[in-house]
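# Remarks on the overall topology
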Amino acid sequence: MHIHCKVTENRGEGGRNRTLFLDRRFEVQPGQFVMAWVPGESEKPFSLSYENGITAKDLGWYSAKLLDLKPGDSIWLRGPYGTSFPVREGAVLLGGGVGIAALLILAKRTEDPVILLGGRTAEEIIFLEEFEKTGKVRVATEDGSLGAKGLITDLLPQEGRYYCVCGPDKMMAALKPLLPPEKSFFSLERYMKCAVGLCGQCTCNGYRVCTDGPVFDGITAQEMTDIGHRKRKKSGGWEYS
Ligand SMILES: Cc1cc2nc3c(=O)[nH]c(=O)nc-3n(C[C@H](O)[C@H](O)[C@H](O)COP(=O)(O)OP(=O)(O)OC[C@H]3O[C@@H](n4cnc5c(N)ncnc54)[C@H](O)[C@@H]3O)c2cc1C
């Protein structure tokens, strides 16, 4: 069932990222997502970055429409859906690109996390100050405009009791062999339609990202050879990276 919400604020987060704050709070576990429907346009999945907010990057036609919403405009959400990250001591959180948004609630609910953030440029490192309030943050940017020059993988090894990852598929594929499978969790992104496990659009090696995920344990993620390799397009056919 869709829940009607009104936008209360549309806040720029740097680069092409913006957060829509809503007039309603959701009971959410860290890493869960909602389906955000703009009537007449489409409905797509977004992680909750706040109990009352979603953060999106202006990437294509739908995100542009979504981020054009103004305070007072209506949006309909369903969810929260999917599996979540565990909340335990000794967490290392690794986020890349707009995937960083999916880690904010987790950072706030974890005691003294270590947070590793990666992006192409400084603009892509969103919520830096908010993460710094929660734990120790280290940053890598490809152009060296913030933190170390390089990739998030260059910030490893980092000692932790467990690792939570959310970012682009290529980043997941690069991190998988570097993290202990039995102590890591990966949040995957796939093109989604129904979000309730029926249509099969979001499958990754037979797992439904909407209901079996989006957060998978590292042992399962090790088996998922599609990560960093192929995704289903809107048509259902494969797109190879
Ligand atoms: C569980 C889940 C949670 C998600 N959470 C968020 C979130 O918190 N914030 C957010 O912005 N998006 C999130 N997404 C992605 C989001 O649902 C849309 O796919 C995204 O907004 C692009 O939609 P679009 O129609 O604007 O662009 P499209 O027209 O689908 O894509 C435009 C171009 O951008 C490329 N592209 C699409 N998505 C990405 C990406 N993530 N990284 C790099 N290139 C991409 C496409 O290949 C295409 O070339 C999530 C997806 C899932 C499955």
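That block above? That's the structure.
Now for a description of the structure that goes with this document. (Residues numbered from 1 in each chain as written. Predicted model: local features only at pLDDT ≥ 70, side-chain atom pairs only at ≥ 80, totals over all residues.)

### Examining the nonpolar core
To keep things clear, this is the line we draw: Think of a nonpolar core as buried Ala, Val, Leu, Ile, Met, Phe, Trp, Tyr and Cys residues, each tied to the set through C-beta atoms within 7 Å. Neighbour counting defines burial: a residue surrounded by 20 or more other C-beta atoms within 10 Å of its own C-beta is buried, one with 12 or fewer is exposed, and intermediate counts give partly exposed, using backbone-placed C-beta atoms. Only DSSP runs of H or I with at least four residues qualify as helices, and only runs of E with at least two residues qualify as strands; both kinds are numbered from the N terminus onward. Domain boundaries shown here were taken from an automatic or database domain assignment. Here the contact rule is simple: place C-beta atoms from the backbone, and any two residues whose C-beta atoms are within 7 Å are in contact.
Ranked by internal contacts, the top residues of the largest apolar core, which has 62 residues, are Leu93, Leu103, Cys164 and Val165. Element by element, the count of residues in this core is highest for strand S11 (residues 162–166), at five residues. Looking at which domains feed residues into this core, each of domain 1 (3–81) and domain 2 (91–232) supplies at least three. Apart from residues lying up to four places away in sequence, cysteine 164 is in contact with Phe85, Ala91, Leu93, Leu103, Leu106 and Phe185.

### Comments concerning the environment of lysine 136
As for its placement among the helices and strands, lysine 136 is situated in strand S9 (residues 136–141). For lysine 136, a count of 13 C-beta atoms within 10 Å translates into the label partly exposed. Each C-alpha atom, one on lysine 136 and one on valine 92, is 9.6 Å from the other, the two residues being 44 residues apart in sequence. Here lysine 136 is in contact with Val114 and Ile115, once residues within four sequence places are set aside.

### What to know about the site of the ligand
Selection criterion: Here, nearness is defined through the C-beta atom: a residue counts as near a molecule or strand if that backbone-placed atom lies within 6 Å of it.
Within the structure, the ligand sits among 23 residues, and Lys44, Ala56, Gly60, Tyr62 and Ser63 are positioned closest to it. Listing elements by their share of the shell around the ligand, those giving two or more residues are strand S4 (42–50), strand S5 (53–57) and helix H1 (61–67). Looking at the shell around the ligand element by element, the count peaks at four residues for S4. Residue assignment places the shell around the ligand across two domains, with domain 1 (3–81) and domain 2 (91–232) each supplying three or more.

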